Amino acid sequence: MLVNLNEIFKIANERQIAVGAFNVPTLEMVRAVIKAAEKLDCPVILQHAEGHNKFISMEEIAHIMLYYAKNTKVPVCIHLDHGTKIEDCKKAIDLGFTSVMFDGSMYSYDENIELTKKVIELAHEKNVTVEAELGPMLNSSIGAGEGVSYTSTTYQYTEVSEAQDFINKTNVDCLAIAIGTMHGIYLEKPKLNLNRILEIKEATEIPLVLHGGSGLSVEEYKTAVKNGIRKINYYTYMNTDGGKAVKDYLVDDKVYIFFDELSIFATDRIEENVTEFMRTISTI
Ligand SMILES: [Zn+2]
């Protein structure tokens with residue numbers, strides 16, 4: 001069932017849970033995530049990031065994601081992750097995405113507000129929801145793609161007053177905040193500020209989003225959800241688990257390697273990883 005983020009957040013708020021948002025640049029990943037959501041009867045967000053255009057184009061994956069969303073009983077939102085240009089958000093909306101993220105973190109605060117407002121105007125007209133970002137998301141030097149790499153001096157957290165002001169001025173549907181998580185593989189224990197989620201939640205009352213959701217402890221996930229996180233972006237560790245599955249498959253003394261069998265093997269392993277993650281963030 002195809003839905004937008006408002007419908008996802010309605011369920012998440014009722015159940016006091018977070019919903020997983022998964023980047024799915026391969027068919028195996030789409031199938032694994034949908035199977036896990038069906039198994040747990042959980043709403044889910046499938047998303048495409050600009051950084052993954054090298055694996056699959058937005059047009060190709062849009063059709064695949066929409067096919068699966070429309071052919072399952074669980075609520076599925078199709079979301080653009082980290083759109084950095086208004087044109088990309090428009091393209092996603094035209095392709096049938098039900099939600100877009102405008103990542104204006106590389107602009108000045110005022111420009112971020114102005115551009116986010118323009119995306120909201122385009123999106124809301126078509127019942128498409130919008131996520132914005134306030135505060136720089138850190139990137140690990142492994143597995144985070146392009147962008148500014150994390151160094152120990154770059155930890156910054158979203159300010160409560162700024163989040164409040166940003167939401168008042170834009171009327172955005174949900175906000176991704178910086179609390180010390182990072183994209184890619186954690187090379188050291190991150191300096192999380194989980195209390196900042198609660199402070200922003202109390203000041204703003206809108207659903208909050210956590211990026212860089214791989215690699216936190218079960219307790220950290222649960223605290224983040226309890227404090228007000230309603231969408232968690234998760235990708236790196238399901239991706240590396242798929243990679244490990246391929247490695248395991250290849251160590252056997254096989255004379256012939258069949259690619260289609262390998263694909264199924266990797267899909268099953270990704271499904272297991274995603275199921276475990278969904279279970280963690282959707283049970284209190
Ligand atoms: Zn992100």
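Let us look at the structure shown here. Every value quoted in this text rests on a predicted model; they were computed, and no experiment measured them.

What follows covers the coordination of the zinc ion. Around the zinc ion, the protein supplies H82 (NE2), H183 (NE2) and H211 (ND1) as donor atoms, at distances of 2.0 to 2.1 Å. Sequence spacing among the residues donating to the zinc ion works out to H-x100-H-x27-H. Taken together, the positions of H82 in strand β4 (residues 76-83) and H183 in strand β9 (residues 182-183) put the pair 101 residues apart, joining distant regions of the chain. Here H82 and H183 have matching classes, each one buried.

Looking now at the packing of helix α8 (residues 218-227) against helix α10 (residues 259-281). Relative orientation and spacing of two packed helices are given, respectively, by the angle between their axes and the distance between those axes. It is the contact of α8 with α10, at a shortest axis distance of 9 Å, that shows an interaxial angle of 50°. Here α8 is positioned oblique relative to α10, judged by the angle of their axes. Within the contact between the two elements, α8 uses V218, Y221, K222 and V225 and α10 uses F277, T280 and I281. Residue composition of the contact of α8 with α10, by class: five nonpolar, one polar and one charged.

Once that is clear, we can look at the pairing of strand β5 (residues 99-102). Of the two faces of β5, the one carrying S99 and M101 and the one carrying V100 and F102 are both buried. Alignment of β4 against β5, held across three bridges, turns out to be parallel. Residue pairing for β5: G83 is matched across the bridge by F102. Summarising the sheet, β5 and strand β6 (residues 129-134) pair through four bridges and their orientation is parallel. Bridge assignment links F102 to a residue of β6, and that residue is A132.

This part covers the environment of I64. Its place among the elements puts I64 in helix α3 (residues 58-70). Note: C-alpha distance between I64 and I78 (14 residues apart in sequence) is 10 Å. In this structure I64 touches L27, V30 and I56, once residues within four positions along its chain are discounted.

This brings us to helix α7 (residues 195-204). Turning to α7, its buried residues are R196, I197, I200, K201 and T204. Here the buried residues of α7 occupy an arc of 135° about the axis, which is enough to place them on one side. Those residues of α7 hidden inside the fold are in contact with α6 (160-170), β8 (174-177), β10 (208-210), α8 and β11 (229-234). Phi turns positive, to about 60°, at E205, one or two residues after α7.

Moving on to the environment of S140. Considering the arrangement of structural elements, one finds S140 in the loop between β7 (138-139) and α6. Classification of S140 by relative accessible area gives buried; the value is 2%. As a C-alpha pair, S140 and S108 span 32 residues in sequence and 23 Å in three-dimensional space.

Inspection of the entire model under this criterion finds nine aromatic pairs. Measuring from ring centre to ring centre gives 3.9 Å for Y234 and F277, while their planes differ by 15°; the resulting arrangement is stacked. Taken as a pair, Y234 in strand β11 and F277 in helix α10 lie far apart in primary sequence, 43 residues in all. The exposure classification of Y234 matches that of F277, with both residues buried.

What follows concerns the environment of I56. Within the fold, I56 resides in the loop between β3 (44-49) and α3. Judged by relative accessible area, I56 falls into the buried class, the value being 11%. Along the sequence, I56 and V130 sit 74 residues apart, while their C-alpha atoms lie 23 Å from each other. Contact partners of I56, with chain neighbours within four places excluded, come to P25, H48, I61 and I64.

Once that is clear, we can look at the packing of helix α2 (residues 27-40) against α10. The contact between α2 and α10 brings their axes to 8 Å, and the two run at 45°. With respect to α10, the element α2 is oriented oblique. In this structure, the crossing between α2 and α10 has a hand that is right-handed. Where α2 abuts α10, its residues E28, M29, R31, A32, V33, K35, A36, A37, K39 and L40 lie against S263, T267, D268, I270, E271, V274, T275, M278 and R279. Here the residues of the contact of α2 with α10 are counted per class, giving nine nonpolar, three polar and seven charged.

The next thing to look at is the pattern of salt bridges. In the structure shown here, the tally under the stated rule is 13 salt bridges. The salt bridge partner of E199 is R196, with a shortest N-O separation of 2.8 Å. Here E199 pairs with R196, and both are found in helix α7, just three residues apart, close to one helical turn. On the basis of relative accessibility, which here comes to 34%, the residue E199 falls in the partly exposed class. Residue classification places R196 among the buried positions, given a relative accessible area of 16%. Residue D248 pairs with R269 through a salt bridge whose shortest N-O separation is 2.9 Å. Taken together, the residues D248 in helix α9 (residues 236-251) and R269 in helix α10 connect sequence positions 21 residues apart. Take D248: its relative accessible area is 39%, and that puts it in the partly exposed class. Salt bridges sharing common partners tie together K35, K39 and E271.

Reading guide: rules and limits
- Residues numbered from 1 in each chain as written.
- Predicted model: local features only at pLDDT ≥ 70, side-chain atom pairs only at ≥ 80, totals over all residues.
- Heavy atoms only, no water.
- Donors = N, O, S within 2.8 Å, 3.2 Å for Na, K, Ca; no water.
- Helix = DSSP H or I, 4+ residues; strand = E, 2+ residues; numbered from the N terminus.
- Buried < 20%, exposed > 50% of the residue type's maximum accessible area, 1.4 Å probe, protein only.
- Axes fitted to C-alpha atoms, helices over the stretch in contact; angles between N-to-C directions.
- Parallel < 35°, antiparallel > 145°, perpendicular 65-115°, else oblique.
- Contact = heavy atoms within 4.5 Å.
- Nonpolar A, V, L, I, M, F, W, Y, C, P; charged D, E, K, R; others polar.
- Pairing = 2+ DSSP bridges.
- Arc of directions from axis to C-beta.
- Phe/Tyr/Trp six-rings, centres within 6.5 Å; stacked < 30°, edge-to-face > 60°.
- Left-handed = near helix turned anticlockwise from the far one by under 90°.
- Salt bridge = Lys/Arg side-chain N within 4 Å of Asp/Glu carboxyl O.

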